[in-house]
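So you can see what is in the structure, the chains are spelled out below.
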Amino acid sequence: MKLTHFNYRDGGLRIENAAAADLARRFGTPLYVYSRQSLRDAFSRVKGAFSEASTTVCYSVKSCGNLSILKLLREAGAGFDIVSGGELYRVIKAGGDPRKIVFAGVAKSDDEIAKALEHDILMLNVESEAELDNIQAVAASMGRVAPVALRLNPDVDGKTHAKTTTGKKENKFGIDLANASRLVRNIAEQPNIRLLGVDAHIGSPINDVVPYRQAMERIAAFIRDHRSPRAVLEYLNIGGGYGSLYRNERVPDFADYAAVIVPHVKATGCKLIVEPGRSIAANSAALLTRVLYVKDNGFKHFTIVDAGMNDLIRPAMYDSYHFCWPAEYDGIPPSPLFDSPGATGYFQREEEEAGIVGNQALRNIDAEGLILTDVVGPICESSDYFAKGRRIPVPERGNLMAVFSAGAYGFSMSSNYNARPRPAEVLVEGDDARVIRERERYEDLVAGESGS
Ligand SMILES: *Cc1c(COP(=O)(O)O)cnc(C)c1O
């Protein structure tokens with residue numbers, strides 16, 4: 001799926017109708033810029049794709065949890081998938097409906113469980129027998145009944161990065177089917193638990209429908225085998241993990257995922273919950289950053305920008321690919337994100353050149369004016385980079401660069417490492433741009449610390 005509200009026209013990148021160069025001048029860099037219409041469109045595409053089942057779309061807050069973004073998705077009809085008490089706080093602040101909140105995560109504290117019960121959320125997804133026992137205890141102490149789903153570990157291979165696969169038996173997530181079976185049978189001994197359903201989340205991103213089909217077969221069979229008056233199992237939650245285009249990979253549409261999920265849900269008669277995060281947020285934002293310095297050590301060329309891994313950690317953490325291109329550029333960048341004719345050749349060449357970046361011949365500026373470079377940040381770590389061995393138009397100090405597909409696990413994973421204030425976030429709607437999170441100041445870095 002190409003970018004829909006990010007276009008190059010009139011000499012540069014526009015996010016909806018706002019020129020990236022203007023935004024960078026007005027709000028400074030590094031800067032996260034979100035398109036409201038992209039977020040809305042992505043949400044309505046998921047909703048539409050799963051509309052054949054009775055579906056609640058619970059947006060995954062951890063992918064990108066700014067209050068304004070939660071609010072606009074809430075207005076579009078979203079429920080929320082949370083993984084902490086802090087995310088519950090965010091969703092409630094954004095006016096989210098507690099009856100559409102599901103709470104996942106392998107280790108909910110007593111306080112988090114109590115807060116979830118106080119807010120009367122839809123359900124807690126339980127990830128172990130010990131956690132189930134503790135939810136029973138907390139609910140009993142409050143005189144309440146906790147609505148829960150059992151998170152199954154269906155032991156399927158999502159074939160994604162080792163750090164983001166969650167549905168295999170060696171992963172810490174969920175309960176294996178044999179133990180889940182025993183827990184369902186014993187649930188009658190837990191008077192303060194009401195078992196509403198089962199859930200799974202097999203990893204992210206999963207650019208293939210086959211793991212979902214395998215997981216659904218196992219989950220649907222589990223539901224058929226374990227339904228009883230004490231275990232109504234009316235909800236089937238298949239989690240998130242749907243892909244988003246970063247480079248030139250093949251990403252299924254929501255409709256493709258729905259085609260392998262919905263028939264199994266219908267056969268069980270369950271209500272469906274899906275928890276997309278990345279597939280809504282990733283291509284709804286770019287990170288704008290300015291070139292501070294250009295450096296050539298005779299072996300390699302570096303483009304040093306003012307954003308760092310503290311602002312966007314995905315390349316360092318997951319070896320992930322983000323398309324990077326100058327924001328001021330006359331033409332259409334060679335990427336499938338822009339559906340441009342030059343994309344195929346660009347990526348073919350990139351693959352051919354991968355691993356031979358030290359070759360002197362490759363370092364010359366080519367006929368199209370592109371130079372082979374590493375786009376890196378200012379942080380004191382070699383893993384602080386956005387692109388390695390990448391061809392971009394010859395950069396100069398002061399140029400504005402866009403790091404695309406930065407909306408999911410971008411700002412939400414940012415930190416203050418190297419005592420760097422986190423960037424501002426801006427939400428664009430048409431011509432209009434407003435700050436939805438202010439750039440942090442140095443005072444924010446020491447807030448709460450003693451010692452001054
Ligand atoms: C992170 C997470 C998601 C969202 O995954 P995406 O790849 O962003 O869609 C959904 N459900 C659970 C339980 C998660 O932990």
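Definitions and limits used
Residues numbered from 1 in each chain as written. Predicted model: local features only at pLDDT ≥ 70, side-chain atom pairs only at ≥ 80, totals over all residues. Heavy atoms only, no water. Near = heavy atom within 4 Å. Polar contact = N/O pair within 3.5 Å; in protein donor to acceptor, adjacent residues only side chain to side chain. Areas by Shrake-Rupley, 256 points an atom, 1.4 Å probe, with all protein chains shown as cover. 1 Å grid on protein atoms, 1.4 Å probe; cavity = no way out; pocket = protein on both sides within 12 Å on 5 of 7 lines; lining within 4 Å. Sits in = over half its atoms within 2 Å of the grid points. Nonpolar A, V, L, I, M, F, W, Y, C, P; charged D, E, K, R; others polar. Helix = DSSP H or I, 4+ residues; strand = E, 2+ residues; numbered from the N terminus. Expected span 1.5 Å × (residues − 1). Buried < 20%, exposed > 50% of the residue type's maximum accessible area, 1.4 Å probe, protein only. Salt bridge = Lys/Arg side-chain N within 4 Å of Asp/Glu carboxyl O. Domains from an automatic or database assignment. Contact = heavy atoms within 4.5 Å.

(A) Fine view of the site of the ligand. Around the ligand, 14 residues are found, and the nearest of them are Lys-62, Ser-204, Glu-275, Arg-278 and Tyr-409. One nitrogen or oxygen atom from the side chain of Lys-62 is found 2.6 Å from an oxygen atom belonging to the ligand. In this structure, Ser-204 approaches the ligand through a side-chain N or O atom, which is 2.3 Å from an oxygen atom. Expressed as a share of its isolated accessible area of 380 Å², the protein-covered part of the ligand is 94%. Here the ligand occupies the largest pocket. Its residues placed into classes, the shell around the ligand shows three nonpolar, six polar and five charged.

(B) Representation of helix 6 (residues 129-142) within the structure. For helix 6, spanning 14 residues, the distance from its first C-alpha to its last is 20 Å, which sits close to the expected 20 Å at 1.5 Å a residue. For helix 6, the complete set of buried residues consists of Glu-131, Leu-132, Ile-135, Gln-136, Val-138 and Ala-139. Backbone geometry just after helix 6 places Gly-143 at a positive phi near 65 degrees.

(C) Representation of the pattern of salt bridges in the model. What the rule picks out here adds up to 28 salt bridges. With a closest N to O distance of 4.0 Å, Arg-194 and Glu-234 form a salt bridge. Of this pair, Arg-194 sits in strand 11 (residues 193-199) while Glu-234 sits in strand 12 (residues 231-239), and the two are 40 residues apart along the sequence. Salt-bridge contacts for Glu-443 lead to Arg-441; the nearest nitrogen and oxygen are separated by 3.6 Å. In this structure Glu-443 comes out as partly exposed when scored by relative accessible area, which is 49%. For Arg-441, a relative accessible area of 46% gives the class partly exposed.

(D) Quick peek at the domain arrangement of the chain. Partitioning the chain into structural domains gives domain 1 (6-34 + 282-445) and domain 2 (105-274). On a C-alpha basis, the centres of domain 1 and domain 2 stand 36 Å from each other. Taken together, the contact between domain 1 and domain 2 spans 15 residues of the former and eight residues of the latter. Between the two partners, domain 1 and domain 2, sit two salt bridges. For Glu-351, the salt bridge identified is with Arg-247, shortest N-O distance 3.5 Å. At the surface where domain 1 touches domain 2, the tally comes to six residue pairs in polar contact (both at pLDDT 80 or more). If you list the elements that add at least two residues to the side of domain 1 that touches domain 2, you get helix 11 (314-318) and helix 12 (343-353). Residues belonging to the side of domain 1 that touches domain 2 are distributed by class as follows: eight nonpolar, three polar and four charged.

(E) Summary view of the side chain of Arg-420. As for its position among the elements, Arg-420 is in the loop between strand 19 (400-403) and strand 20 (424-429). Overall, Arg-420 belongs to the buried group, its relative accessible area being 17%.

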